[in-house]
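Structure assessment
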Amino acid sequence: LPTSSFYAIQDSTTDEFIIPFDTGSTRLSVDSQGNYFYLDMNSLLPERYYKIVLKVQKDGGFMEHIVDDGFYFKVVR
């Protein structure tokens, strides 16, 4: 993915974005193995499903693509 790629976390029940796209704090990181991000799970409710949505910007931000492929996870405590 390009360096101008971001993530958002969406509640799968309410469709509310718990962590919205933010160019300052939700940018994907990259290393030799690929893209990644760190997520503080303490702010998420336990026993609830969330979805990861990606936003990829190209051509200096003039082109934008939202990737919503159903990447779900559940918070278990």
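Residues numbered from 1 in each chain as written. Predicted model: local features only at pLDDT ≥ 70, side-chain atom pairs only at ≥ 80, totals over all residues. Heavy atoms only, no water.

Core analysis: the biggest nonpolar cluster contains 12 residues, these being Y7, I9, I19, L28, L44, Y50, I52, L54, V56, V67, F73 and V75. Mapped by element, the contributors of at least two residues to this core are β1 (5–11), β5 (48–58) and β6 (63–75). Looking at this core element by element, the count peaks at 4 residues for β5. (Core = buried A, V, L, I, M, F, W, Y, C linked by side-chain atoms within 4.5 Å. Buried < 20%, exposed > 50% of the residue type's maximum accessible area, 1.4 Å probe, protein only. Helix = DSSP H or I, 4+ residues; strand = E, 2+ residues; numbered from the N terminus.)

In this section: the sheet that holds strand β2 (residues 17–19). With respect to topology, 4 strands assemble into an open sheet ordered β2-β1-β5-β6, the strand pairing being antiparallel. Sheet topology places β2 and β6 at the edges, where each strand pairs with a single neighbour. Each strand axis lies, on average, 35° off the axis of its neighbour in the sheet, ignoring direction. The pairing of β1 with β5 spans 7 bridges and is antiparallel. Across the sheet, F6 pairs through a bridge with K55, a residue of β5. (Pairing = 2+ DSSP bridges. Axes fitted to C-alpha atoms, helices over the stretch in contact; angles between N-to-C directions.)

With that settled, the discussion passes to the side chain of K51. Positionally, K51 belongs in strand β5. Polar side-chain contacts of K51 include one of 3.2 Å to the side chain of D68. Ignoring anything within four residues of it in the chain, the contact list for K51 reads A8, I9, Q10, D68, G70, F71 and Y72. (Polar contact = N/O pair within 3.5 Å; in protein donor to acceptor, adjacent residues only side chain to side chain. Contact = heavy atoms within 4.5 Å.)

Of note in this structure, D15 is not a glycine but carries a positive phi near 65°. Relative to the assigned elements, D15 resides in the loop between β1 and β2. In this structure, E47 is a non-glycine residue whose phi angle is positive, near 60°. Within the secondary structure layout, E47 lies in the loop between β4 (34–36) and β5. Note on E47: relative accessible area 49%, which makes it partly exposed.

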